Amino acid sequence: MSIALTLRGGNPARVATPLLAVALPSGTQFPESLSALDKAYGGALSRAHKQGDFKGGRDEALLCVGPGRGPARVLLVGLGDYADRYGAIMRAATLAGRKGNALGVKAMAFWAPNLAGDLVEAAAFGVSRGAWDFTDYKTMPAAKDRPKPLVSATIVAHDVRASKTSFAAGVALGEGQRVARRLQQLPGNVCTPEYIARTARDIGKRHKLRVTVFGRREIKRLKMESFLAVAAGTPQDPKLIVVEYRGGRRGDAPIALVGKGLCFDSGGISIKPAQGMEMMKYDMSGAAGVLGAVEAIARMKLKVNVVGLIGSTTNMPSGTSMNPGDVVTASNGKTIEILNTDAEGRLVLADVLAYSAKFKPAAIIDAATLTGACVIALGNSATGVMGNDDKLVDEVLAAAKRGGEPGWPLPMWDDYREMIKGDIADIKNIGGRGAGTITAALFLREFVPAGTPWVHLDIAGTAYSETDLVVIPKGPTGVPVRTFVEFARGRAR
Ligand code: BES
Ligand code: MN
Ligand code: ZN
């Protein structure tokens, strides 16, 4: 369900709400601006601070129940000892939204000292992100035992008029991330390539964007043998989806955002072990990121041209599927030896990257849950970042950091390229045991239009989590929506 966010000003003591989250940094004096609220609470808030029940540390939270006037409850949340205030507010607001949702209150508010400028955006996005959940398939308990869903939240800012734009951006970012996380969370039997195409069309309709969807017939006509090899094992129609957002000048070269959209990856004939295979419904997270980013960018009306490109199918074993040893010719003319059918994402992306040449992009960023090796290298805390242009890599790393989705660079040295040299064709779709994330990226590089700066995001470890990540529950994270949007913002006029 969506959450309605509103913006207001005034003293937090006078906000009538079932729950007011108050974000404070660690190790400072109890702020003067909270004196009225503290008084209403009989001094309980400053006492909690003084006694050390609440120290303001990162991810710290303390719930206080009030006397009946003003906010019914106050949740003190810690900002920690931060260097990056935007990031600290975003994180604390996320935790607040999550707690608010868990408490079963219908509405909540968020306040922090001197909440102004881009911090209002951080707060709005954070609360929206924290409040997100997915209950579509849960049978509702009887009305009397049912917790109230958190349907609205208020950001209490220092200066309302000066915060409107920042607030709207935070709402847009939250809605974009919701689009992505929902798509990610939907099971493979619901979120099919057809469903992703329908979602793209729906976003296009709401924001008046051109959306083009190609099926198996057109993909064949485009000579995308590499993409088709992956789709050979499934009766579902594969989809090449193009969404065009034109917020920039007419002739300005667009940014291309490319996403891997595997609605399920069984591994194909090189089948995966049963343990954990259900997680491969998340193998469309790159595609979800593209659509979530387009949703946010369109809501923000960014003055930039963006083209989203998605290759969507499922990877299944069958009598018609590709087999290890097969050789195919991608649409850019390069021949590929398919040694492992489970290295399918790069086969899909090869043809989608090559197709992006049609739009003469100024830069390409792709996102894919591409390698298990990336999860081994970086865990759930960083996206693997690689590319053919160091300046663009740095630009994307900065965008990722700003969005709270940190990335980390991996080297693209020529030595690694040797590992994917083909025996009987130009290139093999797997390297050796080592450097699996890098060889996958080097494979993709072969299909990037000549002379185009490109960055690849391996989001295998960051797109979803199998455990609770404190501010994000187990499940989809919405990565890389923020990275995409921050990059587009940086390129906007
Ligand atoms: N979708 C997987 C990568 C993946 C693994 C994502 C675990 C998230 C968690 C990808 O298609 C894949 O299967 N990659 C193989 C490549 C290998 C065969 C070279 C892998 O990582 O095992
Ligand atoms: Mn695979
Ligand atoms: Zn995959």
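Remember, predicted model here, so these are calculated numbers, not experimental data. (Residues numbered from 1 in each chain as written. Chains lettered and ligands numbered in written order. Predicted model: local features only at pLDDT ≥ 70, side-chain atom pairs only at ≥ 80, totals over all residues. Heavy atoms only, no water.)

### A closer look at the overall build of the protein
Point 1. Along the backbone of the protein there are 15 helices and 19 strands.
Point 2. Against the compact-globule benchmark of 23 Å for 493 residues, the protein has a radius of gyration of 24 Å, which places it among compact chains.
Point 3. With the C-alpha coordinates aligned to their principal axes, the bounding extent of the protein is approximately 80 × 50 × 45 Å.
Point 4. Looking at the 493 residues of the protein, the share that counts as buried comes to 57%. (Helix = DSSP H or I, 4+ residues; strand = E, 2+ residues; numbered from the N terminus. Rg over C-alpha atoms; globule rule 2.2 N^0.38 Å. Buried < 20%, exposed > 50% of the residue type's maximum accessible area, 1.4 Å probe, protein only.)

### Looking at helix 9 (residues 285-300)
Point 1. For helix 9, spanning 16 residues, the distance from its first C-alpha to its last is 22 Å, which sits close to the expected 22 Å at 1.5 Å a residue.
Point 2. Within helix 9, 15 of the 16 residues are buried, which leaves it mostly tucked inside the rest of the structure.
Point 3. Looking one or two residues beyond helix 9, the residue adopting positive phi is Lys-301, at roughly 55°. (Expected span 1.5 Å × (residues − 1).)

### Points about the coordination of the zinc ion (ligand 3)
Note on metal sites: the ideal angle is 109.5 degrees for four tetrahedral donors, and 90 or 180 degrees for six octahedral donors.
Point 1. Distances from the zinc ion (ligand 3) to its protein donors, Lys-260 (NZ), Asp-265 (OD), Asp-283 (OD) and Glu-344 (OE), fall within 2.0 to 2.4 Å.
Point 2. One way to put it: the six donor atoms around the zinc ion (ligand 3) meet at angles of 78 to 173°, and that makes the site octahedral.
Point 3. Sequence spacing of the donors to the zinc ion (ligand 3): K-x4-D-x17-D-x60-E.
Point 4. Here the zinc ion (ligand 3) and the manganese ion (ligand 2) are spaced 3.2 Å apart, linked through Asp-265, which binds each one. In terms of burial, Lys-260 and Asp-265 fall into one category: buried. (Donors = N, O, S within 2.8 Å, 3.2 Å for Na, K, Ca; no water. Tetrahedral: all angles 85-135°; square planar, octahedral: opposite > 155°, others 65-115°.)

### Re the coordination of the manganese ion (ligand 2)
Point 1. In the first shell of the manganese ion (ligand 2), the protein supplies Asp-265 (OD), Asp-342 (O), Asp-342 (OD) and Glu-344 (OE), at 2.1 to 2.2 Å from the metal.
Point 2. What the six donor atoms of the manganese ion (ligand 2) show is an angle range of 71 to 165° at the metal, which sorts the shape as irregular.
Point 3. For the manganese ion (ligand 2), the single-chain donor residues occur in sequence as D-x76-D-x1-E.

### Regarding the domain arrangement of the protein
Point 1. The domain boundaries assigned to the protein delineate domain 1 (4-158) and domain 2 (173-492).
Point 2. Here the C-alpha centroids of domain 1 and domain 2 sit 36 Å apart.
Point 3. Taken residue by residue, the interface counts 17 residues in domain 1 and 21 residues in domain 2.
Point 4. Both faces considered, domain 1 and domain 2 share a buried interface measuring about 1,900 Å² in area, 53% of it formed by carbon and sulfur atoms.
Point 5. By the criterion of area lost to domain 2, the three top residues of domain 1 are Arg-98, Phe-125 and Trp-132, representing 37% of everything that side buries.
Point 6. Inspection of the region where domain 1 meets domain 2 yields five salt bridges.
Point 7. Connecting domain 1 to domain 2 are eight residue pairs in polar contact (both at pLDDT 80 or more).
Point 8. Secondary structure elements with two or more residues in the side of domain 1 that touches domain 2: helix 3 (85-103) and helix 4 (118-131).
Point 9. Residues that form the side of domain 1 that touches domain 2 fall into these classes: eight nonpolar, two polar and seven charged. (Domains from an automatic or database assignment. Contact = heavy atoms within 4.5 Å. Buried area = accessible area lost by both parts, 1.4 Å probe. Salt bridge = Lys/Arg side-chain N within 4 Å of Asp/Glu carboxyl O. Polar contact = N/O pair within 3.5 Å; in protein donor to acceptor, adjacent residues only side chain to side chain. Nonpolar A, V, L, I, M, F, W, Y, C, P; charged D, E, K, R; others polar.)

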